[in-house]
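As a plain string of letters, each chain reads:
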Amino acid sequence: MSGEFHDGVVKALSNEALRGHLRRAMDSLIEKRLAVFPDSDELESLRHRCMGIRANALSKLPDLLVHLEARCEEQGIRVHWAETTAEANSIVLEILRSHRVERLVKGKSMVSEEMGLNHALEAEGIECLESDLGEFIIQLAGETPSHIVMPALHKSKQEIAELFHEKFPDIPYSDDVDELTAVARGILREKFMQADAGLSGVNFLVAETGTLCLVENEGNGRMSTTVPPLHIAVTGIEKVVERLTDVPPLLSLLTRSATGQPITTYFNMINGPRQPGEKDGPQEVHLVLLDNGRSRIFADEELQATLRCIRCGACINHCPVYTRLGGHAYGTVYPGPIGSILEPQKEGLERLGELAEASTLCGACGEVCPVRIPIPKLLNRLRWEGVRHDGSGETAGQGKRRKQSQALAWKGWSTLASHPALYRTAVKSASRFRRLLPQQLGPWTHVRKAPEIAEKPLRELAEEEGFSHE
Amino acid sequence: MRLLQREGLRVIFPRNQTCCGQPAYNGGYRDEARRVAAAQLDLFPQSYPIVVPSGSCAGMMKHHYPDLFAGTPWQVQANDVADRVWELTGFLTEVLDLQLKDLGEPVRVAMHTSCSARREMGVANAAEALLGQLQGVELVEQDHKSECCGFGGTFAVKQPEISAAMVGDKTESLRRTGAELVTSQDCGCLMNIGGAFEKQGDGPKTCHIAELLWERTRER
Amino acid sequence: MSDARSHILQRLRAVGRAEESELARPVASHPWSREEKLQRFTECMSAVRADVHLTNEREWCNDLQQILMTKGARNLVYAPATPHGQILQSGLSSGDIELIPYDQEIEQWKSRLFDETDASITSCHGAIAETGSLILWPDETEPRLLSLVPPVHCVLLQADQIYSTFAEAVENQGWAEDIPTNALLISGPSKSADIAQVLAYGVHGPKSLVVLVLR
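A.B. asks: Teacher, can you tell me more about the sheet that holds strand β3 (residues 98–101) of chain C here?
C.D. replies: One key point about sheets: their strands pair by backbone hydrogen bonds, in either a parallel or an antiparallel sense. Residue and element names in this part refer to chain C. Spatially, six strands are ordered β1-β12-β7-β4-β2-β3 in an open sheet, and the strand pairing comes out parallel. Looking along the sheet, the strands with just one partner apiece sit at the ends: β1 (51–55) and β3. Averaged over all neighbouring strand pairs, the angle between strand axes comes to 25°, with direction disregarded. Its contacts with the sheet put helix α5 (residues 106–116) on β2 (75–78) and β3, and the angle it makes with β3 is roughly 145°.

A.B. asks: Hey, could you run me through the packing of helix α2 (residues 16–35) of chain A against helix α12 (residues 247–259) of chain A in this one?
C.D. replies: A pair of packed helices can be characterised by two numbers: the angle between their axes and the separation between those axes. All names here are of chain A. Relative to each other, α2 and α12 sit at 145°, their axes nearing to 6 Å. Contacts from Leu29, Lys32 and Arg33 in α2 reach Arg256, Ser257, Ala258 and Thr259 in α12. Broken down by class, the residue content of the contact of α2 with α12 amounts to two nonpolar, two polar and three charged.

A.B. asks: What's the story with the domain arrangement of chain A in this structure? I'm lost.
C.D. replies: Many descriptions give the size of an interface as the accessible area lost when the pieces come together. Looking at chain A, the domain boundaries give domain 1 (81–292) and domain 2 (415–464). When each unit is reduced to the centre of its C-alpha atoms, the spacing between domain 1 of chain A and domain 2 of chain A is 57 Å.

A.B. asks: Hey, could you run me through the interface of chain B and chain A in this one?
C.D. replies: In this complex, chain B contributes 56 residues to the contact, which on the side of chain A involves 61 residues. In total, chain B and chain A occlude about 5400 Å² of area from one another, counting both sides; carbon and sulfur atoms represent 58% of this. The tally of links between chain B and chain A comes to nine salt bridges. Aspartate 169 of chain B is the partner of arginine 19 of chain A in a salt bridge, and the nearest nitrogen-oxygen pair spans 3.3 Å. Where chain B meets chain A, there are 27 residue pairs in polar contact (both at pLDDT 80 or more). A per-element tally of the side of chain B that touches chain A places helix α10 (residues 160–176) of chain B first, with nine residues.

A.B. asks: Explanation requested: the nonpolar core in the structure shown.
C.D. replies: The nonpolar side chains of soluble globular proteins are, as a tendency, buried together. In terms of nonpolar packing, the biggest core is built from 138 residues, with Leu212 and Leu287 of chain A touching the most fellow members. Those residues within four positions of leucine 287 of chain A in sequence are excluded, and the remaining contacts are Leu68, Cys72, Ile77, Arg78, Val79, His80, Val202, Leu205, Leu212, Ala233 and Thr235 of chain A. If you look at the next biggest cluster of nonpolar residues, it comprises 58 residues, including Val183 and Ala184 of chain A together with Ala50 and Ile100 of chain C.

A.B. asks: Whenever I open this one, the packing of aromatic side chains confuses me. Can you help?
C.D. replies: Any aromatic ring pair is given by two values, namely how distant the centres are and how the planes are angled relative to each other. All told, the structure shown has 15 aromatic pairs over all chains when counted by the stated rule. The interplanar angle of 70° and the centroid separation of 6.1 Å between the aromatic rings of tryptophan 86 of chain B and phenylalanine 91 of chain B together place this pair among those described as edge-to-face. Phenylalanine 91 of chain B gets classed as buried once you look at its relative accessible area, which sits at 3%. For the ring pair tryptophan 137 of chain C and tryptophan 175 of chain C, a centre distance of 5.4 Å and an interplane angle of 80° mean the geometry is edge-to-face. With tryptophan 137 of chain C in the loop between β6 (133–136) and β7 (152–158) and tryptophan 175 of chain C in the loop between α6 (166–172) and β9 (182–186), this residue pair connects regions lying 38 residues apart in the sequence. The same class applies to tryptophan 137 of chain C as to tryptophan 175 of chain C, namely buried. Cluster of aromatic residues (ring-pair linked, three or more members): Phe267 of chain A together with Trp137, Phe166 and Trp175 of chain C.

A.B. asks: It is not clear to me how the interface of chain A and chain C should be interpreted in this structure. Could you clarify?
C.D. replies: Counting residues at the interface gives 94 residues for chain A, matched by 74 residues for chain C. In total, chain A and chain C occlude about 7200 Å² of area from one another, counting both sides; carbon and sulfur atoms represent 57% of this. When the area that chain A buries against chain C is broken down by residue, the three leading residues are Arg185, Arg222 and Lys279 of chain A, summing to 11%. Summed over the shared surface of chain A and chain C, the number is seven salt bridges. Salt-bridge contacts for aspartate 291 of chain A lead to arginine 11 of chain C; the nearest nitrogen and oxygen are separated by 2.9 Å. Element by element, the count of residues in the side of chain A that touches chain C is highest for helix α10 (residues 177–194) of chain A, at 10 residues. Taken together, the residues of the side of chain A that touches chain C break down into 40 nonpolar, 28 polar and 26 charged. Sheet topology note: the strand β9 (residues 266–270) of chain A/β9 of chain C ladder contains five bridges and is antiparallel. When the sheet's bridge partners are listed, tyrosine 266 of chain A is paired in β9 of chain C with isoleucine 186 of chain C.

A.B. asks: What is the right way to look at empty space enclosed by the protein in this model?
C.D. replies: Over the atoms, a rolling probe the size of a water molecule traces out where space has been left empty. Residue and element names in this part refer to chain A. On inspection of all chains with the given rule, the structure shows five cavities of 30 Å³ or more. Reported here for the largest cavity is a volume of approximately 130 Å³. Among the elements of the structure, α15 (320–325), α16 (336–347) and α19 (364–368) are those that each provide at least two residues to the lining of the largest cavity. In this model, the second largest cavity occupies a volume close to 80 Å³. Within the lining of the second largest cavity, the residues separate by chemical class into 11 nonpolar, one polar and one charged.

A.B. asks: Just to check I follow, could you spell out the pattern of salt bridges for this structure?
C.D. replies: Close approach of charged atoms allows side chains of opposite charge to pair. Taken as a whole, this structure holds 60 salt bridges over all chains when the rule is applied. For the salt bridge of glutamate 166 of chain A with lysine 167 of chain A, the shortest nitrogen-to-oxygen distance reads 4.0 Å. Relative accessible area serves as the criterion here: at 55%, glutamate 166 of chain A is assigned to the exposed category. Arginine 15 of chain B is paired through a salt bridge with glutamate 463 of chain A; the nearest N and O atoms lie 3.1 Å apart. Placement of the pair is arginine 15 of chain B in the loop between α1 (2–6) and α2 (22–27) and glutamate 463 of chain A in helix α24 (residues 458–464), with the two residues belonging to separate chains. When salt bridges with common partners are traced through the structure, they connect Glu114, Glu238, Arg294, Arg311, Glu343 and Lys346 of chain A into a single cluster.

A.B. asks: Before we go on, may I ask you to explain the arrangement of the chains in this structure?
C.D. replies: Ranking the two pairs of chains in contact by number of contacts places chains A and C first. Over all C-alpha pairs, chain B and chain C never come within contact, reaching a minimum spacing of 19 Å.

A.B. asks: Would you explain the side chain of threonine 18 of chain B in this entry?
C.D. replies: As for its position among the elements, threonine 18 of chain B is in the loop between α1 and α2. Judged by its relative accessible area of 16%, threonine 18 of chain B is buried. Within the structure, the side chain of threonine 18 of chain B is placed 2.6 Å from the backbone oxygen of alanine 417 of chain A, a separation counted as a polar contact. Once residues lying within four places of it in the same chain are set aside, the contact partners of threonine 18 of chain B are Ala417, Pro420 and Tyr423 of chain A together with Val36 and Gln40 of chain B.

A.B. asks: It is not clear to me how a nonpolar patch on the surface should be interpreted in this structure. Could you clarify?
C.D. replies: A surface patch of nonpolar side chains, amounting to about 250 Å² of accessible area, comprises Leu458 and Leu461 of chain A together with Met1 of chain B. Summarising the element assignment, leucine 461 of chain A is placed in helix α24.

A.B. asks: Even after reading the chapter, I still don't get helix α9 (residues 157–167) of chain A, so can you show me in this structure?
C.D. replies: An α-helical turn contains 3.6 residues, so any two residues separated by three or four positions project in the same direction. Residue and element names in this part refer to chain A. Considered for burial, the residues of α9 that qualify are Ile160, Ala161, Leu163 and Phe164. What you see down the axis of α9 is that its buried residues fit within an arc of 165°, all on one side. Residues of α9 that are buried in the fold lie against α8 (133–141) and α10.

A.B. asks: What exactly am I supposed to notice about the pairing of strand β4 (residues 119–122) of chain C here?
C.D. replies: Put simply, side chains in a regular strand alternate between the two faces of the sheet. Residues and elements named next belong to chain C. Neither face of β4 is open: one carries Ala119 and Ile121, the other Ser120 and Thr122, and all of them are buried. Pairing geometry for β4 and β7, over four bridges, is parallel. Paired with isoleucine 121 across the bridge in β7 is cysteine 154.

A.B. asks: Would you explain α16 of chain A in this entry?
C.D. replies: Residues and elements named next belong to chain A. A rise of 1.5 Å per residue sets the reference length of α16, with its 12 residues, at 16 Å; its end C-alpha atoms lie 16 Å apart and thus fit the reference within 8%. Of all 12 residues in α16, 11 are buried, a share of seventy percent or more. For α16, the full list of buried residues reads Gly336, Pro337, Ile338, Gly339, Ser340, Ile341, Leu342, Glu343, Pro344, Gln345 and Lys346. Looking at the residues trailing α16, positive phi occurs at glycine 348, about 100°.

Each value, and the rule that gives it
- Residues numbered from 1 in each chain as written.
- Chains lettered and ligands numbered in written order.
- Predicted model: local features only at pLDDT ≥ 70, side-chain atom pairs only at ≥ 80, totals over all residues.
- Heavy atoms only, no water.
- Pairing = 2+ DSSP bridges.
- Helix = DSSP H or I, 4+ residues; strand = E, 2+ residues; numbered from the N terminus.
- Axes fitted to C-alpha atoms, helices over the stretch in contact; angles between N-to-C directions.
- Contact = heavy atoms within 4.5 Å.
- Nonpolar A, V, L, I, M, F, W, Y, C, P; charged D, E, K, R; others polar.
- Domains from an automatic or database assignment.
- Buried area = accessible area lost by both parts, 1.4 Å probe.
- Salt bridge = Lys/Arg side-chain N within 4 Å of Asp/Glu carboxyl O.
- Polar contact = N/O pair within 3.5 Å; in protein donor to acceptor, adjacent residues only side chain to side chain.
- Core = buried A, V, L, I, M, F, W, Y, C linked by side-chain atoms within 4.5 Å.
- Buried < 20%, exposed > 50% of the residue type's maximum accessible area, 1.4 Å probe, protein only.
- Phe/Tyr/Trp six-rings, centres within 6.5 Å; stacked < 30°, edge-to-face > 60°.
- 1 Å grid on protein atoms, 1.4 Å probe; cavity = no way out; pocket = protein on both sides within 12 Å on 5 of 7 lines; lining within 4 Å.
- Points joined across faces, edges and corners; volume = space filled by probe spheres on them.
- Patch = residues over 30% accessible without salt bridge, like charges linked within 9 Å, V, L, I, M, F, W, Y side chains within 5 Å.
- Areas by Shrake-Rupley, 256 points an atom, 1.4 Å probe, with all protein chains shown as cover.
- Arc of directions from axis to C-beta.
- Expected span 1.5 Å × (residues − 1).

Printed below as a string of structure tokens:
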């Protein structure tokens with residue numbers, strides 16, 4: 001990973017156009033969010049409430065999942081469980097095969113990205129079409145989402161215009177957003193009509209009522225879950241909440257935190273397949289519940305907070321590191337701060353532990369998180385997990401980032417700094433011999449001058465001025 | 001220290017203080033951080049407030065000591081120390097209600113509030129309130145004011161490219177204000193921002209807020 | 001498959017957890033009068049380019065006809081078994097607008113619904129002032145796609161059915177006890193900002209949303 005992430009960083013930073021584009025996009029998202037939270041007391045009490053709702057749900061997670069399953073089955077939604085993404089893919093594949101599905105149309109789903117579902121299905125000869133406009137664009141470009149809410153955020157209007165022109169040469173070139181949107185509308189409406197099945201993610205699952213809630217603006221989610229005769233929803237086991245009354249506050253905080261909208265155009269609550277007498281809606285609805293490391297995260301009391309996430313992306317929008325890099329440099333499904341706590345836990349610290357180090361711990365993410373996940377604290381915790389060697393704890397890849405040289409250096413430092421006399425001697429020598437110290441300090445001095453060491457340590461000055469020191 | 005003393009406080013500078021332990025803590029080396037932090041706990045036996053002239057050290061002592069020492073024999077002592085920690089500008093405004101008389105020449109100043117001071121210690125406006133009292137100081141505001149400067153301790157070493165991009169943008173924003181002086185309550189940010197300005201050649205001078213307040217208000 | 005279920009639940013159950021204390025669940029609301037709710041609803045709808053028309057039981061049919069003609073709609077899909085469907089059959093005077101009943105399963109007329117319809121009309125289950133949202137509970141008489149496929153979607157809303165907040169509607173209407181197969185909140189025409197963060201309307205769903213408020 002180390003080399004991979006570093007390459008991604010260097011590539012992203014050298015793309016001037018991308019950096020300008022990202023900065024403007026993030027500035028505008030930050031501004032929009034701010035505008036819909038004019039009352040900071042209301043915001044804080046809502047955050048507190050939503051944190052409580054999610055924490056409550058996690059505290060009862062196994063029971064809520066069982067209850068949800070029972071309610072769903074009562075209403076005719078078939079529930080499936082998958083421990084791994086491979087298992088989830090084969091469940092989906094089996095359902096599709098039993099219905100002889102050739103064409104699948106997809107609403108936006110980050111869990112399906114996590115599963116690598118498109119590749120898995122295409123390998124089996126099933127056409128998998130992304131219908132969210134942003135996802136459609138990146139699928140055309142053969143890329144992955146660079147943001148969990150706005151997947152094509154990294155692309156400029158001109159890039160998209162050129163892409164459309166290349167892929168649909170019959171349609172005249174245009175970089176007008178309305179025209180580009182109309183092109184996509186035309187193509188995708190045909191696909192909704194023809195699709196044998198629709199696949200979506202889920203924003204919230206309600207245990208009490210067995211409800212699948214979907215949040216969207218475009219209507220592709222509704223199309224995918226209503227027009228084809230078969231609907232499959234895939235989601236993580238952590239998405240469940242206890243009651244229907246938990247949904248309004250979460251929805252309000254989700255849309256406002258994500259895009260600064262008071263609400264999205266559509267909020268779609270699904271409670272079952274087409275009932276006798278109904279004229280539309282899928283004949284069958286399936287729900288696939290994916291674990292993929294979540295139950296392991298669940299086992300740690302502190303790290304469990306990771307699972308409170310409602311995927312609004314506010315932490316990403318406010319992250320100074322993401323703003324410099326964009327999503328692709330991370331090389332993971334979920335980028336930005338949430339990705340940097342979630343991905344190393346899912347994939348193991350050995351491979352992705354570096355992400356927890358790629359943060360200044362500035363706290364901007366934790367400050368905006370609608371469910372108050374203490375992201376900086378969890379990043380710090382994962383750094384510890386990466387180098388601790390006591391063999392306790394649940395985190396995958398624990399201790400795998402420990403390097404002997406580094407451990408020794410910290411050990412030496414701690415000896416020095418826990419023995420005041422020794423420390424004073426060291427500081428004093430640094431002052432006396434400061435002219436002899438190197439002026440080039442590795443990468444630090446590529447863009448900065450080396451810090452100058454004072455002629456006299458502060459302690460000596462304080463003593464000279466007669467400050468008491470007992 | 002001179003500033004506090006002038007306000008009638010008795011200032012104690014424990015000579016055995018070394019480091020709060022933050023570098024190791026943020027590097028993931030908690031045992032080493034605890035060892036160093038534990039050596040600081042005995043230095044503040046009396047119930048006096050502990051004033052820290054750096055947001056991130058204050059944040060470490062106030063918010064992370066309780067976690068670091070939880071379940072250890074130092075727990076009670078660590079919580080007691082944490083309760084008494086103040087970041088300097090917060091202490092000057094909230095406890096001392098410091099009134100300042102500016103004796104210096106007119107100067108344009110930009111303030112960079114460190115992330116720890118802003119978000120951990122919750123003193124985002126304290127330094128500006130103090131600077132606002134100085135008649136000769138024209139306080140200018142940089143764009144993306146609340147954004148991190150890119151220091152982040154070991155981050156600057158482990159992710160030098162990202163850190164460089166961030167400090168590059170930060171110095172650019174500060175430069176655009178036309179400020180002659182950039183100040184902050186955090187030595188880490190100042191080392192980062194100041195070091196970058198020096199490398200770039202020209203640019204505002206940097207100095208710690210304590211030094212600025214003292215230099216502009218002291219009778220000569 | 002059932003293996004996965006038991007393994008996952010086993011792992012989750014192995015984690016001892018103190019019961020979270022019962023959350024206080026205040027129902028968010030606002031002290032708005034009927035007029036204030038209507039005003040807030042109208043403002044929010046207008047902000048997302050939906051058209052809100054004030055009308056009444058007697059005149060809505062004529063108003064609808066005017067609106068459809070300005071929008072150039074040549075036909076209107078409707079649910080014939082609804083009360084407003086009955087009114088339309090006799091009340092829509094102009095022969096310029098063809099009434100198309102949604103009275104068969106979607107599979108029977110998918111391409112016509114997608115390719116040949118210009119507008120649709122539905123009732124609603126009330127509205128939400130705070131966010132400017134319509135509540136729709138599609139059912140066997142009023143199918144789901146009526147509010148999604150035709151490019152212009154018209155909705156009849158009773159003025160006294162506007163709730164302050166979503167939470168209030170969920171509580172007062174007893175959603176948890178009697179939730180329909182599909183429940184929807186619709187807050188404007190279909191839109192996207194996926195291309196360079198520029199807002200575009202009518203991506204997959206209706207390009208235009210018209211609310212006829214009956215007073």
